[in-house]
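# Overview (structure and organization)
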Amino acid sequence: MSHTLGLTKANSTDHPKISFAAKEIDVTEWKGDLLVVGVTEQDLTKDANSKFENPILNKLDAHTSGLLSLVSSEEDFTGKPGQSTVLRLPGLPSKRIGLIGLGKSASSSSPAAYQSLGEGVANVSKASQSSTVAVALASPESESSYASAIASGVVLGLFEDGRYKSESKKPSLKSVDVIGFGAGAELEKKLKYAEDVSYGVIFGRELTNSPANVLTPGVLAEEAAKVASTYSDVFTANILNEEKCRELKMGSYLAVAAASANPPFFIHLVYKPSSGDVKTKLALVGKGLTFDSGGYNIKTGPGCSIELMKFDMGGSAAVLGAAKAIGEIKPPGVEVHFIVAACENMISGTGMRPGDVITASNGKTIEVNNTDAEGRLTLADALVYACNQGVDKIVDLATLTGACVIALGTSVAGIYTPNDELAKEVIAASEKSGEKLWRMPLEESYWEMMKSGCADMVNTGGRAGGSITAALFLKQFVSEKVQWMHIDMAGPVWNEKKKSGTGFGVATLVEWVQTNSSS
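What counts, and where the lines are drawn
Residues numbered from 1 in each chain as written. Predicted model: local features only at pLDDT ≥ 70, side-chain atom pairs only at ≥ 80, totals over all residues. Heavy atoms only, no water. Helix = DSSP H or I, 4+ residues; strand = E, 2+ residues; numbered from the N terminus. Rg over C-alpha atoms; globule rule 2.2 N^0.38 Å. Buried < 20%, exposed > 50% of the residue type's maximum accessible area, 1.4 Å probe, protein only. Contact = heavy atoms within 4.5 Å. Areas by Shrake-Rupley, 256 points an atom, 1.4 Å probe, with all protein chains shown as cover. Salt bridge = Lys/Arg side-chain N within 4 Å of Asp/Glu carboxyl O. 1 Å grid on protein atoms, 1.4 Å probe; cavity = no way out; pocket = protein on both sides within 12 Å on 5 of 7 lines; lining within 4 Å. Points joined across faces, edges and corners; volume = space filled by probe spheres on them. Nonpolar A, V, L, I, M, F, W, Y, C, P; charged D, E, K, R; others polar. Phe/Tyr/Trp six-rings, centres within 6.5 Å; stacked < 30°, edge-to-face > 60°. Lys NZ or Arg CZ within 6 Å of the ring centre and 35° of its normal. Pairing = 2+ DSSP bridges. Axes fitted to C-alpha atoms, helices over the stretch in contact; angles between N-to-C directions. Disulfide = S-S within 2.5 Å. Polar contact = N/O pair within 3.5 Å; in protein donor to acceptor, adjacent residues only side chain to side chain. Right-handed = clockwise from strand over helix to strand, strands pointing away. Patch = residues over 30% accessible without salt bridge, like charges linked within 9 Å, V, L, I, M, F, W, Y side chains within 5 Å.

Next up on the list: the overall build of the chain. Helix and strand content of the chain: 14 helices and 19 strands. Computed over the C-alpha atoms, the radius of gyration of the chain is 25 Å, within 12% of the 24 Å expected from 2.2 N^0.38 for a compact globule of 519 residues. Oriented by its inertia axes, the alpha-carbon framework of the chain measures out at about 80 × 50 × 45 Å. By residue count, 57% of the 519 residues in the chain fall in the buried class. The contacts of the chain with a sequence gap of at least 6 include a subset with a gap of at least 24, amounting to 79%. Element-wise, carbon and sulfur atoms account for 50% of the exposed surface of the chain, whose accessible area totals about 21,800 Å².

Taken as a whole and judged by the stated rule, the model has 21 salt bridges. The partner of E160 in a salt bridge is K126, with the nearest N and O atoms 3.0 Å apart. Separated by 34 residues along the polypeptide, E160 in the loop between α4 (144-158) and β6 (175-179) and K126 in helix α3 (residues 111-128) bring together distant segments of the chain. When its relative accessible area of 52% is taken as the criterion, E160 is described as exposed. In this structure, D233 and K330 form a salt bridge, with 3.8 Å as the shortest nitrogen-oxygen distance. Here D233 is found in the loop between α6 (217-230) and β7 (235-240), whereas its partner K330 is found in the loop between α9 (314-329) and β10 (334-345), with 97 residues between them in sequence. Residue class for K330 comes out partly exposed when judged on its relative accessible area of 33%. A cluster of three or more residues bridged by salt bridges with shared partners is formed by K192, D196 and E328.

Here we come to the layout of surface pockets. By volume, the second largest pocket amounts to about 920 Å³. If you trace the second largest pocket, you find 35 residues lining it, with R163, F203, E206, E223 and K226 closest to the centre. Among the residues making up the lining of the second largest pocket, the classes are represented as 14 nonpolar, 10 polar and 11 charged.

Turning our attention to the packing of aromatic side chains. The relative placement of two aromatic rings is captured by the distance of their centres and the angle of their planes. Under the counting rule described, the total for this entry stands at 7 aromatic pairs. Among the aromatic side chains, those forming a connected cluster through ring pairs are F235, Y271 and F338. When the ring centre of Y199 is taken as reference, the NZ or CZ atom of K17 above it lies at 3.9 Å. Seen from the ring of F52, K46 lies directly overhead, with NZ or CZ sitting 5.2 Å from the centre.

What the 8 strands build is an open sheet, ordered β7-β8-β10-β9-β13-β17-β14-β15; its pairing is mixed. Edge positions in the open sheet fall to β7 and β15 (436-439), since each of these has one partner strand only. Along the sheet, successive strands turn relative to each other by an average axial angle of 20 degrees, direction set aside. Here strand β8 (residues 265-271) pairs with β10 via 7 bridges, running antiparallel. Looking across to β10, one finds that I267 is bridged to V340. Strands β7, β8, β9 (280-292) and β10 of the sheet are contacted by α6, whose axis makes an angle of about 15 degrees with β8.

Throughout the structure, instances matching the rule amount to 0 disulfides. Here C245 is not disulfide-linked; the sulfur of C343 is the nearest cysteine sulfur, at 9.7 Å. Taking relative accessible area as the criterion, C245 reaches 1% and is therefore assigned buried. In this structure C387 is not part of a disulfide, and its nearest cysteine sulfur, from C245, lies 17 Å away.

Within the secondary structure layout, S316 lies in helix α9. Within the structure, S316 has its side chain in polar contact with the backbone oxygen of M313 (distance 2.6 Å). Apart from residues lying up to four places away in sequence, S316 is in contact with L220, G286, K287, G288 and V340.

Moving on, we come to the sheet that holds strand β4 (residues 96-103). What the 6 strands build is an open sheet, ordered β1-β6-β5-β2-β4-β3; its pairing is mixed. Both edges of this open sheet fall to β1 (19-23) and β3 (84-87), since each of them pairs with a single strand only. Going across the sheet, the axis of each strand differs from the next one's by a mean of 20 degrees, ignoring polarity.

With that out of the way, let us pick up the pairing of strand β5 (residues 132-137). Of all 6 residues in β5, 5 are buried, a share of seventy percent or more. Here strand β2 (residues 34-40) pairs with β5 via 5 bridges, running parallel. Residue pairing for β5: V37 is matched across the bridge by A136. Bridging between β5 and β6 involves 4 bridges; their strand directions are parallel. Across the sheet, V135 pairs through a bridge with V178, a residue of β6. As for the winding sense of the linkage, the β-α-β connection from β5 through α4 to β6 is right-handed.

Mapped onto the fold, V219 is located in helix α6. Judged by relative accessible area, which is 14%, V219 ranks as buried. Along the chain, V219 and C304 lie 85 residues apart, while their C-alpha atoms are 26 Å from each other.

With that settled, consider a nonpolar patch on the surface. Together, Y296, I298 and I347 line one region of the surface with nonpolar side chains, adding up to about 270 Å² of accessible area. Within the secondary structure, I298 is located in the loop between β9 and α9. We classify I298 as partly exposed; its relative accessible area is 41%.

Right, here's the structure in full:
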């Protein structure tokens, strides 16, 4: 491969594998570096003698001769969400005890709250350089999904992307015992599932974080092919070059790619279980713009975020992260197609111009009135291709519009579908994963804004209802026989505070595939 611009190479990463175990033991008897207890504000209630009313905290306090109560009060620990304190107290077999806040009460906590607890466990284990950790709840929960959420939080909380730094630290955490949720093979299986999904999320984060001079369309295709080769017992890969895409008449996609010196690559991975009948065929389609300059409608001015446009392939990162997780989990009875039209949107004499008319692979013509509404042009041909695979349902994910960010902010993705059953399925999956989705209207009357004088449609309808008109545009390229949903994830793709991709979408996609499997 030729040298990258700037001669930058990612340092190789070896993600630490954490050993998770579900145990039923008394927390006061656990031996190790750090015992972490998830505590609600309600758990910290004290009686007239200033003793914890909560039985577990009372027992721990008794073993520390009242120091837990005294020191946690001095530290002003109140159990608010995300609040933490780590104490070194005599009287317990564990070297340290940590308290992490869960909020008002256990009944108000969601899977996301327990994932945050897991992230808190990761943070305090890093700070205390602990290698053996246990986590328990002051008010025990029998819901095994909460144990899974804690495990996910630990894996994701430990992740730090140091691939492009000259020095990076390796966490010392080796094992986590999850106490009080039960024990046995079924719970261990759920912890393993959470771990598999989390490493898929991390893969998605790494793809999103990779700078555009390193992660070109060709390198994204190589990363996809590696997933298929790693899980070759259930995956096949078909990477189409520009010539093959031209044969398939993908004029809309290729028009976007035309200005870049880096050629486009169309990625198609297929997951098929190694045994058993396939009952459902799904397609996951991700927007794969490895960089978006905006084209001739170049991104300019404050708030345009051109320096962050490496994340414009966040949809493809979600799709490929899900592929990695599904390769590990191997759900039965379901076939899944992972599709990405990867390219860059650049500026050159060979690029598409405002006013050009291009033709998609289903024969529909598009007047390009804005070269910065390019993601939908690549998705148009990707959706036609997905429908041609004979799938029953399609979910596409894209960092598609700023309008959706204005509407829903940076924590919630907008979903669009004409199919109520599909909406219920995906929303149910998101509630399990802890990712936030909000169903938006597919207002058909807005299609008037998308009419062209010289082609079948324009590619953008202006500022009003911009996320809705974008979804209506995509709908033109989906067969009526196929259930379809569009997820606009422009908001939650990036965590500005952490300066990192989030891996948003991976967990929900895997959960949705599981729902459609026969497991």
